[in-house]
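# Observations on the model geometry
What follows is each chain in one-letter form.
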Amino acid sequence: MADKTAAEQSRHIHISSKRKLFTLNLGEVWRYRDLIWLFTKRSFTVTYKQTVLGPAWIFINPLLTSLVFSVIFGDIAGLGPEGVPQLLFYMCSNGLWSYFSSCVTGNATTFTANAAVFGKVYFPRLTTPISNMLSAIIRFGIQMLLTACLFVYYLANGAVTPHWWAWALLPIVVLHLGLLGMGVGIIVSSLTTKYRDLAVLISFCVQLWMYATPIVYPMAQIEGGALKTAIALNPVTAPVELFRYAFLGQGTVAVEGLVLSVVLTLLCVIFGIMIFNRVEKTFMDTV
Amino acid sequence: MDNSIRKVAIKIEGVKKKYKLGQIGGGSLQKDLQSWWARFRGKEDPNSRLGEGERIKGQTFMALNGIDLTVYKGEALGIIGGNGAGKSTLLKLLSRVTAPTEGTIDLYGRVTSMLEVGTGFSGEMTGRENVYLNGAILGMTKAEIDSKMEQIIDFSEVRDFIDTPVKRYSSGMYVKLAFSVAAHLDSEIMIMDEVLAVGDMAFQKKCLDKMRDAARKEGRTVLYVSHNMNTIRNLCDRCIVMHKGKIVYDGDTEKAISLYMNQGNSGSGVCYDYTDIKRPGVASMRLELRNLRMVGRLNNTVSKGDTLELLIGCRCNSGGNKTGFRFEIRSDNGDMVGTVFSDKSLVFADGEECEIRVKLPTDNIAPGRYMAVALAYEYNSAGQQVYVDRVEPAMFFNVVNEKEGAMAWLPQYWGHVHFDDMTVEKTD
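Residues numbered from 1 in each chain as written. Chains lettered and ligands numbered in written order. Predicted model: local features only at pLDDT ≥ 70, side-chain atom pairs only at ≥ 80, totals over all residues.

A tally of regular secondary structure across chain A gives 13 helices and 1 strand. Sequence-ordered secondary structure for chain A, helices as α and strands as β, is α-β-α-α-α-α-α-α-α-α-α-α-α-α. Taking the principal axes of the C-alpha coordinates as reference, chain A spans close to 65 × 45 × 40 Å. Across the 287 residues in chain A, those meeting the buried criterion constitute 40%. Across chain A, every contact between residues at least 6 apart in sequence was considered, and the portion connecting residues at least 24 apart equals 79%. (Helix = DSSP H or I, 4+ residues; strand = E, 2+ residues; numbered from the N terminus. Buried ≥ 20, exposed ≤ 12 C-beta atoms within 10 Å, placed from the backbone. Contact = placed C-beta atoms within 7 Å.)

Pasting the structure below:
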């Protein structure tokens, strides 16, 4: 019987008007892990039902974008990388960027897009951004399969020399990018409950952000000076460069850039969860 | 039972909930910065507006104004009150959809809230997939849902369609499935907002029985809000009446219902003030119904056959159109009894404030307790009636038959309408 009393006590919920500044409550999120998974599954089911090509769209979209990037930025503008197959470079960069940007924009509307559900029932709100990030990771993984096919082809031809030892870092880099995107996304979503303008602004800003990140050009193309410093300060730069360094054997990895990026990511996530916690309690009254 | 040994399920202490009136935030960063700058310099906020009224201070409104309540384990508590009394706000706080402005709430046990059936249902997904998703949103794990899947499908009566996307469902099937999920949760506390008003009569009864069993046999705590007094009577063993954000009565269900049915702004129910009543669904209040009083009466009991004489105070916000009036009359268990229309339309001028005299005959209304919804309507270009104001509840009244030798009316068999007598005679 002692267990039961303990269980009953753990189910005690106290609601008060006072709020703590930072509550993570990961235990509660973990109890709702099935919900996170179902949300993730739903995002795939709902997107691809009643489409002719179905999940093939996950391939088609990045393939076409990478081809266009390769022609416009690589061939016409001459921004492409040296010593690496151009198409592979753009497949890789484009995959990374669309992963990051979907983490930002997917989470930027967490509150407004889910207002109908949030307004009727309680569950840890953090499950929504986590499941958004999870589906972005899965999409990225599927795109990477296609990139891997291309990679194997070039590898057999000896056109690419990856740094195999750095591959161990790849999962961390993916998680890092995802967390950064989620952090920015939930900050924006918390603010959008009050200022709707931000929802419009963010999709536009993310587009511009891509040009401030070495996506359509490698970092090596940038000459020194203020521009290079600005791009190096961008927290997305270091993980993208590190990813390509490992995967393609191309790019420069600056330790100070990585440290800065990790610090900024942590700040974004902590601040994001703080403001998210604040908003989730009462956003139904203002949304 | 002695309260000291009963286990507490819900304890609410001094809870208040404040809402801002008017457009909130409005999405304008500029105004917010302006207000902030004014406050920073210690000046008056240029964007604040002063209102009046006891519940309305500045631009805020107290939806709940000091609630204290203790609910014990195994109790089925009914919550009744007019529109805008704060019932739904209280349920929202208990379901943790929004947080109180002041005060504390302690919940002992897992809480399931059914403020709506089928929260999170997605039309593209099949019935079965939606059961999983909805169950998980309500706090079940996948294993729990797996073990109850068969029971849920049986209860919902939609087994044949369980693997069809729910967008192909009829609305009845949809709510049946949704309710079945909620009804099979293993939670200690269940919070429901009129969700039983779904499906056909047989299904409603099934739901009600299920809820009653949950409270009486399984010892769960049920909180139930409804305007249907019959379901409250059937389900609840204790009832609170809310009025203007406060609990005005707590105790016996029958007493609570009779208090609510006789509740006007004055004790005897002959005067009503509508200025504070929310008007959901009224697009433009072109003619505002402001108050109502019964003329020449000390209470709201009418002798059958008498004419109920009313004065309705109105203000015209946008005039020039022909405006008609109607009362929709409901019985105390929420059944629609009938509607009475005004014999002619009236025309008002912009900004006009006046009183309308209404004479409502009661010959055909069977003895009983009634609630009326008042509507003012105009005709649109397609010739349809569009209402320009709607007040619910507009008034409560009792009809009694005081004629000598009058028979007792049995509404459960005879309904609420007493038609004129038919003539019978023997033919030669």
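As a further point, take the sheet that holds strand 4 (residues 76-81) of chain B. All names here are of chain B. Taking strand neighbours across the sheet as the criterion, the 6 strands line up as 6-7-8-4-9-10 in an open arrangement whose pairing is mixed. If you trace the sheet from one side to the other, it starts and ends with strand 6 (111-114) and strand 10 (246-251), each paired once. Strand-to-strand twist in this sheet, taken as the mean axis angle between neighbours without regard to direction, amounts to 15 degrees. In terms of strand pairing, strand 7 (residues 189-193) meets strand 8 (residues 221-225) through 5 bridges, oriented parallel. (Pairing = 2+ DSSP bridges. Axes fitted to C-alpha atoms, helices over the stretch in contact; angles between N-to-C directions.)

Below, the discussion takes up the environment of T193 of chain A. Residue and element names in this part refer to chain A. Within the secondary structure, T193 sits in the loop between helix 9 (170-192) and helix 10 (197-211). A count of 23 C-beta atoms within 10 Å places T193 in the buried class. Separated by 16 residues in sequence, T193 and L177 place their C-alpha atoms 25 Å apart.

On to the confidence of the model for chain A, then. All names here are of chain A. Looking at chain A as a whole, the pLDDT averages 86, with 95% of positions reaching at least 70. Between the elements of chain A, mean pLDDT differs from a low of 46, seen in helix 1 (residues 2-10), to a high of 93, seen in helix 9. Predicted confidence for residues 1-9 stays below pLDDT 50, and this span has 0 contacts to residues more than four positions away or in other chains. (pLDDT = per-residue confidence, 0-100.)

So, on to the domain arrangement of chain B. Residues and elements named next belong to chain B. The domain boundaries assigned to chain B delineate domain 1 (66-261) and domain 2 (271-414). Measuring from the centre of the C-alpha atoms in domain 1 to the corresponding centre in domain 2 gives 32 Å. Each partner contributes to the interface: domain 1 provides 8 residues, whereas domain 2 provides 10 residues. Per-class residue counts for the side of domain 1 that touches domain 2 are 2 nonpolar, 6 polar and no charged. (Domains from an automatic or database assignment. Nonpolar A, V, L, I, M, F, W, Y, C, P; charged D, E, K, R; others polar.)

Attention now moves to the pairing of strand 12 (residues 287-294) of chain B. All names here are of chain B. Bridge count between strand 11 (residues 271-273) and strand 12: 3 bridges; the pairing is antiparallel. When the sheet's bridge partners are listed, C271 is paired in strand 12 with R293. Relative to strand 14 (residues 307-316), strand 12 runs antiparallel, the two sharing 7 bridges. Among the inter-strand pairings, R293 is bridged to a residue of strand 14, identified as L311.

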